[in-house]
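# Fold and contact review
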Amino acid sequence: MLQLQGLILRFSRSLLAFIAGILVFCLSFYGLFTITAAFSAVTGGFQPFDMQNDLDVAGVLAQLPLYTEDSRRLYAWFAATDFVFPLAGGFAFGGAAAFLMRHGMPSLYARFEARRGFVLFLLPTLFDYLENGVALAVVFLVPSPSQPLATVLVGFHQLKLGTLILAHSTTLLLALFLVLRKAGGLVARSFQAR
C-alpha cells in the first residue's frame with residue numbers, strides 16, 4: 001500500500017510523470033474505443049461488457065451466444081488494453097487529487113497521506129481488474145453461459161462505475177475548491193491594495 005501511494009504522490013509532484021500518465025491513459029482510451037468499434041462490427045452492435053454502463057445479467061447471457069472466434073480474439077485485446085487504461089487513470093486522477101489537496105487543503109493532505117488514503121483512488125482500478133478477469137472467464141472458460149458468473153461480472157462492473165464516479169467527483173471538487181480559494185485570495189488582495 002505504501003508503494004502504491006508513493007507512486008501516486010510521485011505523479012502529483014512530477015509534471016513529467018503526470019504528463020506520461022495522462023498520455024498512457026489517453027492512448028489506451030483510444031485503443032479501447034478502436035477495439036470496441038471492431039468488436040461491435042462482429043457482434044451485431046454489442047460492445048464489450050466494460051463499455052456497457054447499463055450492463056445486467058440478462059444482457060450478458062443474451063450476448064454470449066453471439067460471440068464468435070473473431071469477437072473473442074478482439075475481447076482478449078480489449079481486456080489486455082483495459083489492464084493498462086485503469087491503472088494509468090488511477091495514477092493520473094490520484095496524482096491530480098493529491099496535487100490539488102496539497103495546494104488547497106494542506107492539513108487534510110497531511111492526514112490523508114499519513115493514512116495512505118490516496119490508495120483509494122486505485123479502487124476503480126481494482127474493480128476494473130476484477131471485472132476483466134471475470135469477463136475473460138465468462139467469454140473463454142465457461143462452456144455455456146453461467147448466471148452466477150454473469151452476476152459477479154455485473155457486480156464488479158457496478159462497483160467499478162460507482163468508485164470511478166466517486167474518485168472523479170472528488171478530484172473535480174478539489175479542483176473547484178482550489179480555484180475558488182485562489183480566486184478569493186486574488187479578490188481579497190485587490191481590495192487590500194486599494
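Higher on the page you've got the structure.
This write-up is about the structure you can find in this document. Model, not experiment: these values are computed from the prediction. (Residues numbered from 1 in each chain as written. Predicted model: local features only at pLDDT ≥ 70, side-chain atom pairs only at ≥ 80, totals over all residues. Heavy atoms only, no water.)

With that out of the way, let us pick up the packing of aromatic side chains. Under the defined criterion, the tally for this structure stands at 15 aromatic pairs. Here Phe-11 and Phe-91 contribute two aromatic rings whose centre-to-centre distance is 5.2 Å and whose plane-to-plane angle is 5°, an arrangement assigned as stacked. Of the two residues, Phe-11 is situated in helix 1 (residues 2–13) and Phe-91 in helix 4 (residues 69–104); the sequence distance between them amounts to 80 residues. (Phe/Tyr/Trp six-rings, centres within 6.5 Å; stacked < 30°, edge-to-face > 60°. Helix = DSSP H or I, 4+ residues; strand = E, 2+ residues; numbered from the N terminus.)

Quick look at the packing of helix 1 against helix 2 (residues 15–42) now. Two numbers describe how helix 1 lies on helix 2: the axes approach to 5 Å, and their chain directions differ by 105°. When the axes of helix 1 and helix 2 are compared, the pair comes out roughly perpendicular. Between helix 1 and helix 2, the contacting residues are Arg-10, Phe-11 and Arg-13 on the first element and Leu-15, Ala-17, Phe-18 and Gly-21 on the second. Classifying every residue of the contact of helix 1 with helix 2 by side-chain character gives four nonpolar, one polar and two charged. (Axes fitted to C-alpha atoms, helices over the stretch in contact; angles between N-to-C directions. Parallel < 35°, antiparallel > 145°, perpendicular 65-115°, else oblique. Contact = heavy atoms within 4.5 Å. Nonpolar A, V, L, I, M, F, W, Y, C, P; charged D, E, K, R; others polar.)

Structurally, Ala-150 can be placed in helix 7 (residues 147–193). Residues Ala-150 and Gly-59 lie 91 residues apart in sequence; the distance between their C-alpha atoms is 9.2 Å. Leaving out residues up to four positions away in the same chain, Ala-150 has contacts with Val-57, Val-60 and Leu-61.

Turning our attention to the layout of surface pockets. Volume-wise, the largest pocket comes out at about 400 Å³. Among the elements that line the lining of the largest pocket, the one with the most residues is helix 4, at seven residues. Here the residues of the lining of the largest pocket are counted per class, giving 14 nonpolar, five polar and four charged. Approximately 160 Å³ is the volume found for the second largest pocket. Sorting the residues of the lining of the second largest pocket by element identifies helix 6 (123–141) and helix 7 as the ones contributing at least two each. Class assignment of the residues belonging to the lining of the second largest pocket gives a composition of seven nonpolar, three polar and no charged. (1 Å grid on protein atoms, 1.4 Å probe; cavity = no way out; pocket = protein on both sides within 12 Å on 5 of 7 lines; lining within 4 Å. Points joined across faces, edges and corners; volume = space filled by probe spheres on them.)

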